[in-house]
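So the chains spell out like this:
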Amino acid sequence: MKHGLGYRKLSRKTSHRWAMLRTLVTQLIKHERIQTTLPKAKELRRLADKMVTLGKQGTLHAQRQASAVIREDVAKRKLFTEFAERYRFREGGYTRIMRSERRINDAAQMAFIEYVDREGELRPARPTKHSFPTFASQAVA
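Just so we're clear, the structure is a prediction, and the values are computed from it rather than from any experiment.

Procedures and definitions
- Residues numbered from 1 in each chain as written.
- Predicted model: local features only at pLDDT ≥ 70, side-chain atom pairs only at ≥ 80, totals over all residues.
- Heavy atoms only, no water.
- Phe/Tyr/Trp six-rings, centres within 6.5 Å; stacked < 30°, edge-to-face > 60°.
- Buried < 20%, exposed > 50% of the residue type's maximum accessible area, 1.4 Å probe, protein only.
- Helix = DSSP H or I, 4+ residues; strand = E, 2+ residues; numbered from the N terminus.
- Pairing = 2+ DSSP bridges.
- Polar contact = N/O pair within 3.5 Å; in protein donor to acceptor, adjacent residues only side chain to side chain.
- Contact = heavy atoms within 4.5 Å.

Peer 1: Honestly, the packing of aromatic side chains in this entry has me stumped. Any pointers?
Peer 2: Two aromatic rings are characterised by how far apart their centres lie and by the angle between their planes. With the rule as written, the count across this model stands at four aromatic pairs. An aromatic cluster is built from Phe-83, Tyr-87, Tyr-94 and Tyr-115, whose rings are joined through pairwise contacts.

Here it is, written out as structure tokens:
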């Protein structure tokens with residue numbers, strides 16, 4: 001049976017895995033694109049999308065929930081100001097994973113994970129369901 005297999009363990013204990021994911025999501029918010037292994041990127045996507053959803057809510061409760069995950073105050077401020085404004089019309093799908101080359105050392109599949117609708121993204125984002133103007137569509141016009 002496949003009950004209880006809702007996430008990847010990434011060959012780490014719970015405390016190490018949670019610390020790694022907290023650091024990855026903080027760095028992703030700070031830099032808006034990072035390169036990591038594909039399984040880490042797929043697991044990070046779940047947490048990163050939840051953080052943007054909390055940023056869009058903007059309540060005190062959401063800020064405290066985000067503070068439990070995000071390590072830096074600068075990243076938290078960016079989440080609740082810049083990201084909340086950028087994704088106000090988007091209903092999910094805030095991140096994109098793009099595979100890249102394999103790592104030379106151990107041949108692990110590497111991937112870029114980035115936020116969509118931003119300047120300098122690797123591939124332009126698909127329009128939102130409501131098709132309100134985004135940064136990518138404003139840059140083309």
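Peer 1: Please clarify how the pairing of strand 3 (residues 109-115) should be interpreted in this entry.
Peer 2: Along a regular strand, successive side chains alternate from one face of the sheet to the other. Burial of strand 3 is extensive: six of the seven residues sit out of reach of the surface. Summarising the sheet, strand 1 (residues 33-37) and strand 3 pair through five bridges and their orientation is antiparallel. Residue pairing across strands places Thr-36 opposite Ala-111, the latter belonging to strand 3. Note that strand 2 (residues 95-102) and strand 3 share six bridges and pair antiparallel. Residue pairing across strands places Thr-95 opposite Tyr-115, the latter belonging to strand 3. The turn linking strand 2 back onto strand 3 is made up of six residues, and Ala-107 within it adopts a positive phi angle of 60°.

Peer 1: I keep staring at the side chain of Glu-43 and nothing clicks. Help me out?
Peer 2: Assignment of secondary structure puts Glu-43 in helix 2 (residues 38-57). Overall, the relative accessible area of 7% leaves Glu-43 in the buried class. There is a polar contact of 3.2 Å between the side chain of Glu-43 and the backbone nitrogen of Arg-8. The contact partners of Glu-43, leaving out residues within four places of it in the chain, are Tyr-7, Arg-8, Leu-10 and Leu-21.

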